[in-house]
Amino acid sequence: MKLHHKWSKRLAILTIGATVAISGGVISSPQPTQAATNNDTATIDATITSTSKADSIIALGKRYLGTPYKFGAAVGQTKNFDCSTLTKYIFGKYGITLPRTAAQQSKVGSFVSKSNWKKGDLLFFSVPGRSGVGHVGVYLGNNKMLNTYGAGGVKISTINSYWNSHYMTARRVIK
């Protein structure tokens, strides 16, 4: 009888371990002991999904580091990008359709305050010589963004005093 109990316990542990491995190995800190509702589960699933989608979009974008910048670059090709064709391309590969220009992209999704930026959010900036939104980048976390402009093409930029002084808004398009 004791032997059966030991094997049942081991099987339960193995099953839990397999479930964690299959679900991506996400382990979180203890939560309050109230029972999870369907809405709680949906929120957790959506968070995991949006985080992994943001990571995938960013990883794809990083594959194009150094790709030349060309203002007015054609949509859908990858030999060069402007800021909005880069975001349109990498988000589009993950089922998120964005309009063509940074100004148009700044009107989709939902507003995000600067204090609530998450990886994958679109950040919008003014540029000298153009009124309104003229530049877009993808927030990477840690005060950095993936974007393209000028020499060096697609790059990771620190959101420094220049970008802070030209910041206009942010939008979340990953659900």
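Residues numbered from 1 in each chain as written. Predicted model: local features only at pLDDT ≥ 70, side-chain atom pairs only at ≥ 80, totals over all residues. Heavy atoms only, no water.

Notes on the environment of C83
On the secondary structure map, C83 appears in helix α3 (residues 83-92). Between the alpha carbons of C83 and R100 there is a distance of 9.9 Å; along the sequence they are 17 residues apart. Residues within four places of C83 in sequence aside, it is in contact with Y69, A102, G134, H135, V136 and T148. (Helix = DSSP H or I, 4+ residues; strand = E, 2+ residues; numbered from the N terminus. Contact = heavy atoms within 4.5 Å.)

A look at α3
A large share of α3 lies buried, amounting to eight of its ten residues. Regarding α3, the residues found buried are C83, S84, T85, L86, T87, Y89, I90 and F91. (Buried < 20%, exposed > 50% of the residue type's maximum accessible area, 1.4 Å probe, protein only.)

What to know about the nonpolar core
Inside soluble globular proteins, nonpolar side chains tend to come together where they are buried. Ranked by size, the top nonpolar core spans 24 residues in total, and within it I90, F91, I96, L122, V138 and L146 carry the most contacts. Every element with two or more residues in this core is listed here: α2 (38-62), α3, β2 (122-125) and β3 (135-141). Here the element with the most residues in this core is α3; it accounts for five residues. Residues in contact with I90, not counting those within four places in the same chain, are I57, L60, G61, V138 and L146. (Core = buried A, V, L, I, M, F, W, Y, C linked by side-chain atoms within 4.5 Å.)

Some remarks on the sheet that holds strand β5 (residues 154-158)
Here six strands make up an open sheet; going across it, the order is β1-β6-β2-β3-β4-β5 and the pairing antiparallel. Each of the sheet's edge strands pairs with one partner strand only, and the pair in question is β1 (110-111) and β5. Both β1 and strand β6 (residues 167-172) contribute to a ladder of two bridges, which runs antiparallel. Each bridged residue has a counterpart across the sheet, and for S110 the counterpart in β6 is R172. Those strands touched by α3 are β2, β3, β4 (144-148) and β5, and its axis lies near 50 degrees from that of β3. (Pairing = 2+ DSSP bridges. Axes fitted to C-alpha atoms, helices over the stretch in contact; angles between N-to-C directions.)

Some points on the pattern of salt bridges
Evaluated as defined, the whole model comprises three salt bridges. Here K119 makes a salt bridge to D55, at a shortest N to O gap of 2.5 Å. One end of the pair, K119, is in the loop between β1 and β2; the other, D55, is in helix α2, and 64 residues separate them in sequence. Under the relative-accessibility criterion, K119 is labelled partly exposed at 38%. According to the relative accessible area criterion, D55 is partly exposed, its value standing at 32%. A salt bridge links D121 to R172, with the shortest nitrogen-to-oxygen separation between them at 2.8 Å. On the criterion of sequence distance, the pair formed by D121 in the loop between β1 and β2 and R172 in strand β6 is long-range, its members being 51 residues apart. (Salt bridge = Lys/Arg side-chain N within 4 Å of Asp/Glu carboxyl O.)

What to know about the packing of aromatic side chains
According to the stated counting rule, one finds nine aromatic pairs in the structure shown. Here the aromatic rings of Y64 and F81 are separated by 5.4 Å at their centres, their planes lie at 75 degrees, and the arrangement is edge-to-face. Of this pair, Y64 sits in the loop between α2 and α3 while F81 is found in the loop between α2 and α3, placing the two residues 17 residues apart along the sequence. Overall, Y64 belongs to the buried group, its relative accessible area being 13%. For F81, a relative accessible area of 0% puts it in the buried group. The residue whose ring lies beneath K155 is Y149, and the NZ or CZ to ring-centre distance is 3.7 Å. (Phe/Tyr/Trp six-rings, centres within 6.5 Å; stacked < 30°, edge-to-face > 60°. Lys NZ or Arg CZ within 6 Å of the ring centre and 35° of its normal.)

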